[in-house]
Amino acid sequence: TGTKKSFPVTGMTCAACASSVESILSHTDGVNEATVNFASNSVLVDYDANVSEEKLQNALREVGYDIIIDA
Ligand code: 9UX
């Protein structure tokens, strides 16, 4: 296990999107677990220290979702 952090998610229009977002993030190298809360449009991600937040973001952007990274 690594860092656990929650991010707001955009682009999830139906409940099945939650599974899709979880799958995309879970299959990204260095991600241990991703759990979406569809009702609150957020995802809790457990990821290793070598994974950048931009890497998570880019994986989602490729398929029409996004996460909000605070500056
Ligand atoms: Mo629902 Mo989301 O039909 O990618 S799964 S909109």
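Description of the structure in this document. (Residues numbered from 1 in each chain as written. Predicted model: local features only at pLDDT ≥ 70, side-chain atom pairs only at ≥ 80, totals over all residues.)

1. Thoughts on unusual backbone geometry
Using the following cut-off: Helix and strand definitions follow DSSP, with helices as H or I runs of at least four residues and strands as E runs of at least two, each counted in order from the N terminus.
Of note in the backbone geometry, Asn41 takes a positive phi value of approximately 50° without being a glycine. Here Asn41 is to be found in the loop between strand 2 (31-37) and strand 3 (42-47).

2. Regarding the packing of helix 1 (residues 16-26) against helix 2 (residues 53-61)
Put simply, the rule is: Lines are fitted to the C-alpha atoms to define the axes, a helix being fitted only along its stretch in contact, and any angle between axes, read from their N-to-C directions, falls within 0 to 180 degrees. Small angles under 35 degrees read as roughly parallel and large ones over 145 as roughly antiparallel, with 65 to 115 read as roughly perpendicular and the rest as oblique. In a left-handed crossing the near helix is turned counterclockwise from the far helix by less than a right angle, and in a right-handed crossing that turn is clockwise. Throughout, a residue-residue contact means that the two C-beta atoms, derived from backbone geometry, are no farther apart than 7 Å. Each residue is assigned to one of three groups, with Ala, Val, Leu, Ile, Met, Phe, Trp, Tyr, Cys and Pro labelled nonpolar, Asp, Glu, Lys and Arg labelled charged, and all others, Gly among them, labelled polar.
At a minimum axis distance of 10 Å, the contact between helix 1 and helix 2 shows a crossing angle of 130°. By the angle class used here, helix 1 and helix 2 are oblique. Crossing angle aside, the handedness with which helix 1 passes helix 2 is right-handed. For the pair helix 1 and helix 2, contact is made by Val21, Ile24 and Leu25 and by Leu56, Ala59 and Leu60, respectively. Here the residues of the contact of helix 1 with helix 2 are counted per class, giving six nonpolar, no polar and no charged.

3. Looking at the site of the ligand
Counted only if it meets this: Note on definitions: a residue is near a molecule or strand provided its C-beta atom, placed from the backbone, lies within 6 Å of it.
Near the ligand, the surroundings consist of Thr13, Cys14, Ala16, Cys17 and Ser20. When the residues that make up the shell around the ligand are grouped by side-chain class, the tally is three nonpolar, two polar and no charged.

4. Structural notes on the pairing of strand 2
Note the following rule: Two strands make a pair as long as DSSP finds a minimum of two bridges between them.
Of the strand pairs in this sheet, strand 2 and strand 3 are connected by six bridges, and their pairing is antiparallel. Opposite Val36, over in strand 3, you have Val43 as the bridge partner. Between strand 2 and strand 3, which pair antiparallel in sequence order, lie four residues; one of them, Asn41, sits at a positive phi of approximately 50°.

5. Regarding the sheet that holds strand 4 (residues 66-67)
Taken in spatial order, the four strands line up as 2-3-1-4 in an open sheet, and their pairing is antiparallel. The outermost strands of the open sheet, each flanked by one partner alone, are strand 2 and strand 4. Of the strands in this sheet, strand 1 (3-10), strand 2 and strand 3 touch helix 1, which is tilted by about 165° from strand 2.

6. Notes on the nonpolar core
Definition in use: The nonpolar core criterion groups buried Ala, Val, Leu, Ile, Met, Phe, Trp, Tyr and Cys residues into a set whenever they are joined through C-beta atoms within 7 Å. Once C-beta atoms are placed from the backbone, each residue is buried if 20 or more other C-beta atoms lie within 10 Å of its own, exposed if 12 or fewer, and partly exposed for counts between those two.
Val9, Val21, Leu25, Val43, Val45, Leu56 and Ile67 are the most contacted members of the largest nonpolar core, which totals 13 residues. If you tally residues by element for this core, the top one is strand 3, at three residues. Apart from the residues lying within four places of it in its own chain, the contact partners of Leu25 are Val31, Ala34, Val43, Val45, Leu56 and Ala59.

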